[in-house]
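Inside the fold
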Amino acid sequence: GDSVTQMEGPVTLSEEAFLTINCTYTATGYPSLFWYVQYPGEGLQLLLKATKADDKGSNKGFEATYRKETTSFHLEKGSVQVSDSAVYFCALPIYNQGGKLIFGQGTELSVKP
Amino acid sequence: KAGVTQTPRYLIKTRGQQVTLSCSPISGHRSVSWYQQTPGQGLQFLFEYFSETQRNKGNFPGRFSGRQFSNSRSEMNVSTLELGDSALYLCASSLSAGGRSSYEQYFGPGTRLTVT
């Protein structure tokens, strides 16, 4: 069945460091892919998306490229800030069940000044 | 545009009781999905409603139910609460008008349910 696998956390970085959070997926067809972010005590916010192979989603300095050949959608940011500390989730919709997203287990990021 | 709203934000209930949570989607969004988030199981899909009909369902017992009203607002109900039902319950809305953009879901802040 469809699934999403994320690298385990927590990830601790110093401010201005480079960030990569790995995400790989197994899916029927070629679904859209999403990254969501959850700040402490809040719900999930859609961070970025890609709707087809080779698409690059970007937002707030974060980027992720939809790689069909490696079934990956890794999240990157060139220079993290303390305010980026949060939990990040990779997600994809289930084929023919558009209202159902499956999520990776989440990766907690902590950025130290 | 106002975001997804959920009420109440926090709830404390006793084992055996029942609870109703409410969700108001973004204006114009027709689909409402519910998720349960726990430290052990992560984010799990409960069900989705579209045009007042349950369109998809996750693997949860029948104690978990929901409904959607004609204005797209949705409620979920949990009967005979168990300690393991303690979780953050998230509601998400989407356009669901067809096409890939309809898969984008926008989440509310969640309802934190504690069962004692």
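The secondary structure content of chain B amounts to 0 helices and 11 strands. Listing the helices and strands of chain B from first to last along the sequence gives β-β-β-β-β-β-β-β-β-β-β. Along the three orthogonal principal directions, the C-alpha set of chain B runs to about 40 × 25 × 25 Å. When the accessible surface of chain B is split by element, carbon and sulfur atoms take 48% of a total near 5,400 Å². Considering chain B, the positive charge centre built from 12 side chains and the negative charge centre built from 6 side chains are found 3 Å apart.

Right, let's get into the nonpolar core. Core analysis: the largest hydrophobic core is formed by 28 residues, its most contacted members being Trp35, Leu47, Leu48, Phe73, Leu75 and Tyr88 of chain A. Among the elements of the structure, β2 (11-14), β3 (19-21), β4 (23-26), β5 (33-38), β6 (44-50), β8 (62-65), β10 (86-94) and β12 (107-112) of chain A are those that each provide at least two residues to this core. Counting residues per element, this core draws most heavily on β10 of chain A, which supplies 5 residues. Apart from the residues lying within four places of it in its own chain, the contact partners of Leu47 of chain A are Trp35, Tyr36, Val37, Asn59, Lys60, Phe62, Leu75 and Tyr88 of chain A. In this structure, Val19, Val32, Val78 and Tyr89 of chain B belong to the second largest nonpolar core, which totals 21 residues.

Looking now at the pairing of β2 of chain A. Residue and element names in this part refer to chain A. Burial along β2 is one-sided: Val11 and Leu13 are buried, and none of Thr12 and Ser14, which face the opposite way, are. Sheet topology note: the β2/β12 ladder contains 4 bridges and is parallel. What sits directly across from Ser14, in β12, is Lys112.

For the rest of this paragraph, the subject is the side chain of Gln68 of chain B. Residue and element names in this part refer to chain B. The residue Gln68 is located in strand β7 (residues 64-68) in this model. Of the residues examined, Gln68 reaches a relative accessible area of 6% and is grouped as buried. Of note is the side chain of Gln68, whose polar atom sits 3.1 Å from the backbone oxygen of Arg30. A polar atom in the side chain of Gln68 sits 2.9 Å from the backbone nitrogen of Glu52. With near-sequence residues (within four places) excluded, Gln68 lies in contact with Arg30, Val32, Tyr49, Phe50, Ser51, Glu52, Thr53, Arg73 and Ser74.

Right, let's talk about the sheet that holds strand β8 (residues 74-78) of chain B for a bit. Residues and elements named next belong to chain B. Across the sheet, 4 strands lie side by side as β1-β3-β8-β7; this open sheet has antiparallel pairing. Each edge of the open sheet is held by one strand with a lone partner, namely β1 (5-7) and β7. Looking at each pair of strands side by side, their axes are set apart by 20 degrees on average, direction ignored. Pairing of β1 with strand β3 (residues 19-24) involves 3 bridges; the strand directions are antiparallel. Residue pairing in the sheet places Thr7 in a bridge with Ser22 of β3.

Looking now at the interface of chain B and chain A. Listed by partner, the interface residues are 18 residues for chain B and 21 residues for chain A. Both faces combined, the contact of chain B with chain A buries some 1,700 Å², and carbon together with sulfur accounts for 54% of it. Where chain B meets chain A, there are 1 salt bridge. Residue Glu104 of chain B is joined to Lys49 of chain A by a salt bridge in which the shortest nitrogen-to-oxygen separation is 2.1 Å. Viewed at the interface, chain A and chain B are joined by 4 residue pairs in polar contact (both at pLDDT 80 or more). Mapped by element, the contributors of at least two residues to the side of chain B that touches chain A are β4 (31-38), β5 (42-50), β9 (87-94) and β10 (106-107) of chain B. Here the residues of the side of chain B that touches chain A sort into 9 nonpolar, 5 polar and 4 charged.

All names here are of chain B. Tracing the chain through its elements places Ser74 in strand β8. At 3.0 Å, the side chain of Ser74 forms a polar contact with the side chain of Trp34. At 2.9 Å, the side chain of Ser74 forms a polar contact with the backbone oxygen of Arg67. Filtering out sequence-adjacent residues up to four positions away, Ser74 remains in contact with Leu21, Ser22, Cys23, Val32, Trp34, Tyr49, Arg67, Gln68 and Phe69.

All told, the structure shown has 13 aromatic pairs over all chains when counted by the stated rule. Residues Phe62 of chain A and Tyr88 of chain A carry aromatic rings whose centres are separated by 5.6 Å and whose planes lie at 40 degrees to one another, so their mutual orientation is tilted. With Phe62 of chain A in strand β8 and Tyr88 of chain A in strand β10, this residue pair connects regions lying 26 residues apart in the sequence. Across the pair, exposure class does not vary: Phe62 of chain A and Tyr88 of chain A are buried alike. Taken together, the ring pairs connect Phe34, Tyr36, Phe89 and Phe103 of chain A together with Tyr35, Phe45 and Phe107 of chain B into an aromatic cluster. Between the NZ or CZ atom of Arg55 of chain B and the centre of the ring of Phe50 of chain B, over which it lies, the distance is 4.3 Å.

The rules behind each value
- Starting from 1, residues in each chain are numbered consecutively following that chain's sequence as written.
- A letter from A marks each chain and a number from 1 marks each ligand, given out in the order of writing.
- Per-residue local features are limited, in this predicted model, to residues with pLDDT of at least 70; the limit for side-chain atom pairs, both in listing and counting, is 80 or more; totals at the level of whole chains, interfaces and linings are taken over all residues.
- Side-chain numbers come from the whole structure's heavy atoms, not from hydrogens or water.
- In DSSP terms, a helix is any run of H or I states spanning at least four residues, a strand is any run of E spanning at least two, and both are numbered starting from the N terminus.
- Surface exposure here means Shrake-Rupley accessible area, sampled with a 1.4 Å probe, where a residue is shielded only by the protein chains that are shown.
- Counted as positive: Lys and Arg. Counted as negative: Asp and Glu, with His and the chain ends omitted from the count.
- To locate a charge, the coordinates of NZ of Lys, CZ of Arg, CG of Asp or CD of Glu are taken.
- For the purposes of this section, nonpolar cores are sets of buried Ala, Val, Leu, Ile, Met, Phe, Trp, Tyr and Cys residues that join through side-chain atoms within 4.5 Å.
- Only protein chains enter the accessibility calculation, which uses a 1.4 Å probe; a residue whose area is less than 20% of its type maximum is buried, one above 50% is exposed, and one in between is partly exposed.
- Two residues qualify as a contact provided that any one of their heavy atoms is within 4.5 Å of a heavy atom in the partner residue.
- In this scheme, strands are said to pair when DSSP sees at least two bridges between them.
- The definition of a polar contact used here is a pair of N or O atoms within 3.5 Å, where within protein one atom must be able to donate a hydrogen and the other to accept one, and adjacent residues in sequence count solely through side-chain atom pairs.
- Fitted lines through C-alpha atoms give the axes, limited to the stretch in contact for helices. The angle between two N-to-C directions lies from 0 to 180 degrees.
- Summed over both partners, the accessible area (1.4 Å probe) lost when two parts come together is defined as the buried area.
- A pair is scored as a salt bridge if a Lys or Arg side-chain nitrogen falls within 4 Å of a carboxyl oxygen belonging to Asp or Glu.
- Polar here means any residue outside two lists: the nonpolar Ala, Val, Leu, Ile, Met, Phe, Trp, Tyr, Cys and Pro, and the charged Asp, Glu, Lys and Arg; Gly therefore counts as polar.
- Classification of ring pairs uses Phe, Tyr and Trp, with its six-membered ring standing for Trp, and accepts pairs whose centres are within 6.5 Å; under 30 degrees between planes counts as stacked, over 60 as edge-to-face, and the remaining range as tilted.
- Note on criteria: charge over ring means Lys NZ or Arg CZ within 6 Å of the ring centre, with the direction from the centre no more than 35 degrees off the ring normal.

Nothing here speaks to function; it is geometry throughout.
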